[in-house]
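Residue-level listing of the chains:
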Amino acid sequence: MRKFKTESKKLLDLMINSIYTNREIFLRELISNASDAVDKLYFKNLTDKSIELSKDELAIQVSFDKDARTVTVSDSGIGMTKDELDRNLGTIAHSDSMAFKMENDEVQGDDVDIIGQFGVGFYSSFMVGKSVRVVSKAYGSDEAWAWESDGVEGYTIEPAERAEHGTDVIITLKDNTDEDSYDGYLSEYGLKDLVKRYSNYVRYPIRMEVTKSRELPKPEDAGDDYVPQFENYQELDTVNSMIPIWKRRKSEVDQEEYNEFYKTDFHDFADPARTISVHAEGALSYDALLFVPSRAPFDLYSRDYQKGLALYSSNVLIMEKCEELLPDYYNFVHGVVDSQDLQLN
Ligand code: ADP
Ligand code: MG
């Protein structure tokens, strides 16, 4: 068994033992990682002509198994090598923000706030899981590896099988207790609801096996008293809307939706103080969605703080932080600018 690094252990401890009630965000975190992984493969595809990707290949799937008490998030993204599994999942990923907080000894604060502020990431799966297994095959590699852990001391990495490139994160849910039930994550309705609430604007289809009902064909010899018969069947459905929130008119969007988008994408715990939506058409057309945080970003005065807006061209992320879009005196503003008039490079 490999041991977790000290920082990782601290965060895992917090995660597993805290009284943080908003555990359901684990799904958002895993979907966001899946979406990042698909993005990475997509970008690679833009620059490397030897890769052939069909659009249909770029997807995320959420599923569950009631008997095994597992929830699985799968993606057809770039995947991880054995080394990357070790490095990315064995060490805390938010090392910048976490290290900053630890250096400044702020971590002793309130658990709830800490978890909220960090945007928690992969380790949030241990808020609901008693063990987590990650099976991954890196793009271009012919071997798959499985990372597995109960989130306490360490983890194992062993050879595994996976047909194609991509990653499956398989969470074995904790047992229900008198206070907490995890059964909501083992239902179609429960998971679908979470996907819609937290991950509706993810750019790739998030698919789920859903139960539908259809009418059976009427038998030829059916009499006048025939009553239509129905059967249930399962079908893979895309659950998220995929239409970016910044493309929609302000009048069509609830403030609640803006708030969720803001908190998810910009890793804030609190709702924004202001939401500004702009749609411009002319020589240069663009959609912009800007947020004024309700408090200063915790690392605003650190050397590593980077101002800037996310820049998209037709829903495709070009730059995470485009500095030129913000004057210094608005360095605390978060947001997105999307223009189809920009070249991808
Ligand atoms: P973050 O997403 O902020 O980097 P996470 O804790 O969510 O932090 O994830 C840690 C790292 O693990 C990611 O940066 C990525 O390198 C890797 N990772 C997690 N999930 C996946 C996945 N589904 N496919 C490929 N890499 C992943
Ligand atoms: Mg993440």
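See above for the structure.
Residues numbered from 1 in each chain as written. Chains lettered and ligands numbered in written order. Predicted model: local features only at pLDDT ≥ 70, side-chain atom pairs only at ≥ 80, totals over all residues. Heavy atoms only, no water.

Enquirer: Summarise the overall build of the protein; cite the residues concerned and give the values.
Expert: Counting secondary structure elements, the protein contains 7 helices and 14 strands. For the protein, with 345 residues in total, the buried portion stands at 45%. Contacts spanning at least 24 positions in sequence make up 68% of the contacts within the protein whose residues lie at least 6 apart. Surface accessibility of the protein: about 18,600 Å² in total, with carbon and sulfur atoms responsible for 47%. (Helix = DSSP H or I, 4+ residues; strand = E, 2+ residues; numbered from the N terminus. Buried < 20%, exposed > 50% of the residue type's maximum accessible area, 1.4 Å probe, protein only. Contact = heavy atoms within 4.5 Å. Areas by Shrake-Rupley, 256 points an atom, 1.4 Å probe, with all protein chains shown as cover.)

Enquirer: Tell me what's going on with unusual backbone geometry, and back it up with residues and numbers.
Expert: Not every positive phi belongs to a glycine, and R69 is a case in point at roughly 55°. In this structure, R69 sits in the loop between β2 (60-65) and β3 (70-75). With a phi close to 65°, M242 is a non-glycine residue in the positive phi region. One can find M242 in the loop between β9 (230-238) and α7 (255-265). With relative accessibility at 28%, the residue M242 sits in the partly exposed group.

Enquirer: Give a description of helix α6 (residues 188-199) that names residues and reports values.
Expert: Between its first and last C-alpha atoms α6 spans 16 Å; for 12 residues at 1.5 Å apiece the expected length is 16 Å, and the two agree. G190, L191, L194, V195, Y198 and S199 are the residues of α6 that are buried. Looking straight down α6, one finds that the buried residues subtend no more than 130° of arc, so they occupy a single side. In the core, the buried residues of α6 are packed alongside α2 (25-47), β2, β3, β8 (206-215) and α7. (Expected span 1.5 Å × (residues − 1). Arc of directions from axis to C-beta.)

Enquirer: Summarise the packing of α2 against α6; cite the residues concerned and give the values.
Expert: Between α2 and α6, the least distance of the axes is 9 Å, while the angle of their chain directions is 65°. Crossing angle aside, the handedness with which α2 passes α6 is right-handed. Two secondary-structure elements touch here, α2 through I25, L27, R28 and I31 and α6 through L191, L194, V195, Y198 and S199. In the contact of α2 with α6, the residues fall into 7 nonpolar, 1 polar and 1 charged. (Axes fitted to C-alpha atoms, helices over the stretch in contact; angles between N-to-C directions. Left-handed = near helix turned anticlockwise from the far one by under 90°. Nonpolar A, V, L, I, M, F, W, Y, C, P; charged D, E, K, R; others polar.)

Enquirer: Before we move on, can you summarise the environment of R2 with the specific residues and values?
Expert: Considering the arrangement of structural elements, one finds R2 in strand β1 (residues 2-3). Spatially, the C-alpha atom of R2 lies 8.3 Å from that of I157, the residues being 155 residues apart in sequence. The residues contacting R2, other than those within four sequence positions of it, are K82, D86, E153, G154, Y155 and I157. A polar contact of 3.3 Å, which involves the side chain of R2, links it to the side chain of D86. (Polar contact = N/O pair within 3.5 Å; in protein donor to acceptor, adjacent residues only side chain to side chain.)

Enquirer: For helix α3 (residues 82-90), give the residues involved together with the corresponding values.
Expert: Within α3 the residues assigned to the buried category are L85, L89 and G90. The arc that holds every buried residue of α3, seen down its axis, measures 90°, which confines them to one face. Looking at α3, the residues exposed on the side facing more than 90 degrees away from the buried face are D83 and R87. Looking at the packing, one finds that the buried side of α3 touches α1 (6-17), β4 (129-137), β5 (144-149) and β6 (154-160).

Enquirer: So what about the sheet that holds strand β7 (residues 166-173)? Which residues, and what values?
Expert: In spatial order, the strands read β1-β6-β5-β4-β7-β3-β2-β8-β9; together these 9 strands make up an open sheet with mixed pairing. In this open sheet, the two strands that pair with only one neighbour each are β1 and β9. Across 9 bridges, the pairing between β8 and β9 is antiparallel. Residue pairing in the sheet places M208 in a bridge with D237 of β9. In this fold α2 packs onto β2, β3, β7 and β8, with an angle of close to 20° to the strand it touches most, β3. (Pairing = 2+ DSSP bridges.)

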